[in-house]
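# Examining the three-dimensional arrangement
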Amino acid sequence: GGEGEKEAERANIRAALAFLKETDGLLKIEDVLPFFPDFVLIDDFKEAICTSLEEYNRQIDDLKKEMTAATHSADHIRADIAALSQVGASPSPLAYP
């Protein structure tokens, strides 16, 4: 592996990263990493890996918010059902679409 070979490898990496950006999220860094040899430096992919991890963190945060909202909704529905059963009414199946 001479210096020219390393530069060609880096050019391939730059081309792959540019292609990833063009796919607008359709492909991710983990989709192209297997096509590069093991000796490729992580530094070459550092920015793309960090961007990918930040996006996953945003998605996880969004899912956590959705789960919290769903839990609150379920709690309210359980409380409504409990309140209705206290007064002897049965909840209508249409009450919660």
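Presented here is a report on the structure given in the accompanying data block. (Residues numbered from 1 in each chain as written. Predicted model: local features only at pLDDT ≥ 70, side-chain atom pairs only at ≥ 80, totals over all residues. Heavy atoms only, no water.)

From N to C terminus, the chain includes three helices and zero strands. Counting from the amino terminus, helix and strand elements in the chain follow one another as α-α-α. Here the chain holds 97 residues, and the buried ones make up 13% of them. The long-range share in the chain, meaning contacts at least 24 apart out of those at least 6 apart in sequence, stands at 42%. Roughly 7800 Å² of accessible area belongs to the chain as shown, and the carbon and sulfur atoms make up 60% of that amount. (Helix = DSSP H or I, 4+ residues; strand = E, 2+ residues; numbered from the N terminus. Buried < 20%, exposed > 50% of the residue type's maximum accessible area, 1.4 Å probe, protein only. Contact = heavy atoms within 4.5 Å. Areas by Shrake-Rupley, 256 points an atom, 1.4 Å probe, with all protein chains shown as cover.)

Attention now goes to the environment of aspartate 31. Here aspartate 31 is to be found in helix 2 (residues 29-32). For the pair aspartate 31 and leucine 20, spaced eleven residues apart in sequence, the C-alpha to C-alpha distance is 9.3 Å. Within polar-contact distance, the side chain of aspartate 31 engages the backbone nitrogen of lysine 28 at 2.7 Å. (Polar contact = N/O pair within 3.5 Å; in protein donor to acceptor, adjacent residues only side chain to side chain.)

Here the focus is the pattern of salt bridges. Between side chains of opposite charge, pairing is possible as soon as their charged atoms come close. Under the defined criterion, the tally for this structure stands at two salt bridges. Of the charged contacts in the structure, one is a salt bridge between arginine 58 and glutamate 55, with a shortest N-O distance of 2.9 Å. A residue pair is termed a helical-turn pair when its members lie 3 or 4 positions apart in one helix, as arginine 58 and glutamate 55 do in helix 3 (residues 42-86) at three residues. Judged by its relative accessible area of 44%, arginine 58 falls in the partly exposed class. (Salt bridge = Lys/Arg side-chain N within 4 Å of Asp/Glu carboxyl O.)

Before going further, it helps to examine the nonpolar core. Listed in full, the nine residues of the largest apolar core are Ile13, Ala16, Leu17, Leu20, Ile29, Val32, Phe36, Phe45 and Ala48. Elements supplying a minimum of two residues to this core: helix 1 (3-22), helix 2 and helix 3. When residues of this core are assigned to their parent elements, the largest contribution, four residues, is made by helix 1. (Core = buried A, V, L, I, M, F, W, Y, C linked by side-chain atoms within 4.5 Å.)

Roughly 410 Å³ of internal volume is contained in the largest pocket. Taken together, 18 residues make up the lining of the largest pocket; nearest its centre are Leu20, Lys21, Ala48, Thr51 and Ser52. Going through the elements one at a time, helix 1 and helix 3 are the ones with two or more residues in the lining of the largest pocket. Here the element with the most residues in the lining of the largest pocket is helix 3; it accounts for ten residues. Considered class by class, the residues forming the lining of the largest pocket number seven nonpolar, three polar and eight charged. (1 Å grid on protein atoms, 1.4 Å probe; cavity = no way out; pocket = protein on both sides within 12 Å on 5 of 7 lines; lining within 4 Å. Points joined across faces, edges and corners; volume = space filled by probe spheres on them. Nonpolar A, V, L, I, M, F, W, Y, C, P; charged D, E, K, R; others polar.)

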